[in-house]
Amino acid sequence: MTVNLEVAEGVGTLRLDRPPMNALDVAMQDRLKELAEEATRRADVRAVVIYGGERVFAAGADIKEMQDMDHAAMVLRARALQDSFTAVARIPKPVVAAITGYALGGGCELALCADYRIAADNAKLGQPEILLGLIPGAGGTQRLPRLVGPSKAKDLIFTGRQVRADEALAIGLVDRVVPAAEVYEQAHAWAARLAQGPAIALRAAKESIDTGVETDLDTGLAVERNWFAGLFATEDRERGMRSFVEEGPGKAKFL
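What counts, and at which threshold
Residues numbered from 1 in each chain as written. Predicted model: local features only at pLDDT ≥ 70, side-chain atom pairs only at ≥ 80, totals over all residues. Heavy atoms only, no water. Buried < 20%, exposed > 50% of the residue type's maximum accessible area, 1.4 Å probe, protein only. Helix = DSSP H or I, 4+ residues; strand = E, 2+ residues; numbered from the N terminus. Pairing = 2+ DSSP bridges. Right-handed = clockwise from strand over helix to strand, strands pointing away.

Enquirer: Looking at this structure, how should I read the pairing of strand β3 (residues 47-51)?
Expert: Side-chain positions along a regular strand alternate between the two faces of the sheet. The element β3 is extensively covered by neighbouring structure, given that five of its five residues are classed as buried. Along β3, one buried face is formed by A47, V49 and Y51 and the opposite face, lined by V48 and I50, is buried too. Inspection of the sheet shows strand β2 (residues 11-16) paired to β3 by five bridges, in the parallel sense. Bridging from a neighbouring strand, G12 pairs with V48 of β3. Taking the sense of rotation as the criterion, the β-α-β connection linking β2, helix α1 (residues 26-41) and β3 turns out right-handed. Across four bridges, β3 lies against strand β4 (residues 95-99) in parallel orientation.

Here you go:
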């Protein structure tokens, strides 16, 4: 399989496995969607790591495959391409991208679907589609400006240039830079910590934030308000408040 889902101790790792560069062909896109939906359904998956291996995250789409597609073929394929990445973005659990080597084109767009991005100190990220006479087609023109702002996104998309990990950190494209050998370990630790948290509250927080940044303030506040009140019906809320009163803050166990 070109993408695998490995689950241990509440953390599901979506592992890209198409050597040498994890080029995201149609089969890989469809498999990614399938496994993202599986991670969404599975109760034993409480947080997710997206990982391409020690050498590369994903160097982009399979250009040889795309070269053979005409306009009619891509009209039929473009929605499925976006849907595969959106399935990752909509996993209602904490998702972290562990970025090694190159995350270019579709690889960068996949990383944008995560809630948090940890990059190797030798990583390179970018949206080079313009160099092919194209624009990003898996969410890059939408998710990138929402993350780093329109002007920085335009710089990256207009020029197609690659940014090193330090610049990616400075502009907010990644959230943490670590030695290459520690990328997966630290991403897994981030996910494992949250896998121990209150699952419904984490889902509520993610949905409230994601919905809020896509809509007006009043609508976002309504989403927050409804989730906030609804959480008072959960066992996790009872457990968390009881632990706070009896033991002090930060000691509740939710599993």
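Right, picking up where we left off after that structure.
Enquirer: Would you explain the pairing of strand β6 (residues 116-120) in this entry?
Expert: Of all five residues making up β6, five are buried, and the element is well covered by its neighbours. Where burial is concerned, the two faces of β6 agree: the one with Y116, I118 and A120 and the one with R117 and A119 are both buried. Pairing of β4 with β6, which is carried by four bridges, proceeds in the parallel orientation. Looking at β6, one finds that I99 is bridged to A119. As judged from the three bridges shared by β6 and strand β9 (residues 176-178), these two strands associate in the parallel manner. Bridge assignment links A119 to a residue of β9, and that residue is V177.

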